Each structure stands twice: as structure tokens, then as C-alpha cells.
Amino acid sequence: MAKFLSQKVANLGGDPESVQLVRFGASHTVDGVSFTTVPAVHSNGLSGDFIEGELGESLNAAGLRAYVGPSTGYVITFSNGLVVYL
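Residues numbered from 1 in each chain as written. Predicted model: local features only at pLDDT ≥ 70, side-chain atom pairs only at ≥ 80, totals over all residues. Heavy atoms only, no water.

Considerations on the confidence of the model for the chain
Moving on, step 1. Of the residues in the chain, 100% have a pLDDT of 70 or more, and the chain-wide mean is 92.
Moving on, step 2. Across the chain, element-level confidence peaks in strand β6 (residues 83-85) with a mean pLDDT of 97 and bottoms out in helix α1 (residues 2-11) with 90. (pLDDT = per-residue confidence, 0-100. Helix = DSSP H or I, 4+ residues; strand = E, 2+ residues; numbered from the N terminus.)

Written out as C-alpha cells, the structure is:
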């Protein structure tokens, strides 16, 4: 997923090196804001619209989605103590 997102960030003019992989149970802090990756329970398919080329077109034509790994949630802890789940 990090490689996929890095490419998308670069295509939008951003710095692909800014994309950080944070595995389940791990945390990463940026400017005082902590991001913790946790398991989630929901489907996790990616529309062909997000996949370039023939593969994306084939998925859309067949009405399918690509499996992109386990469902993921995030616990975000802000520097003021506010905690949210995304």
C-alpha cells in the first residue's frame, strides 16, 4: 500500500518520501500528532478506477474490485489530547 500511495502522492505533485508505512499496532508521530494502525472489520476492495491501465479497466468491466489487504483503522491522538478513530 505504501508504494501505491507514494505513486499517487507523486502524481499529485507531492513528496512520495512523505508516505510512511505504519503496521498494525505500531504508531508514528508527526508534529505532535500520533497515528496508530489498528485492525478494522469491513470489506476492503479497491475500485478499478484507482488502478491504472488494462487491469483497472478489466476490473471495472467485470464489476469486480481488487483485494488490497486487511481492513485497517487508525487511532489519531492530537497534541491537545483529543483522540479519534478513523
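Still more ground to cover, so stick around.
Some thoughts on the environment of Tyr-67
Moving on, step 1. Counting through the fold element by element, Tyr-67 comes out in strand β4 (residues 65-67).
Moving on, step 2. By relative accessible area, Tyr-67 is classed as exposed at 66%.
Moving on, step 3. When the C-alpha atoms of Tyr-67 and Gly-14 are compared, they prove to be 26 Å apart, with 53 residues separating the residues in sequence.
Moving on, step 4. A polar contact of 3.4 Å, which involves the side chain of Tyr-67, links it to the backbone oxygen of Gly-69. (Buried < 20%, exposed > 50% of the residue type's maximum accessible area, 1.4 Å probe, protein only. Polar contact = N/O pair within 3.5 Å; in protein donor to acceptor, adjacent residues only side chain to side chain.)

Overview of the pairing of strand β2 (residues 33-39)
Moving on, step 1. Taken together, the four bridges between strand β1 (residues 27-30) and β2 define a ladder with antiparallel strand orientation. Of the residues in β2, the one forming a bridge with His-28 is Phe-35.
Moving on, step 2. Connecting β1 to the next strand, β2, in antiparallel fashion are two residues, including Asp-31 with a positive phi near 50°.
Moving on, step 3. With six bridges joining them, β2 and strand β5 (residues 72-77) adopt antiparallel strand pairing. Counted as the bridge partner of Pro-39 is Thr-72 from β5. (Pairing = 2+ DSSP bridges.)

Side note on the pairing of β5
Moving on, step 1. The pairing of β5 with β6 spans three bridges and is antiparallel. Opposite Ile-76, over in β6, you have Val-84 as the bridge partner.
Moving on, step 2. Linking two consecutive strands that pair antiparallel, namely β5 and β6, is a turn of five residues; a positive phi of about 95° is found at Gly-81 within it.

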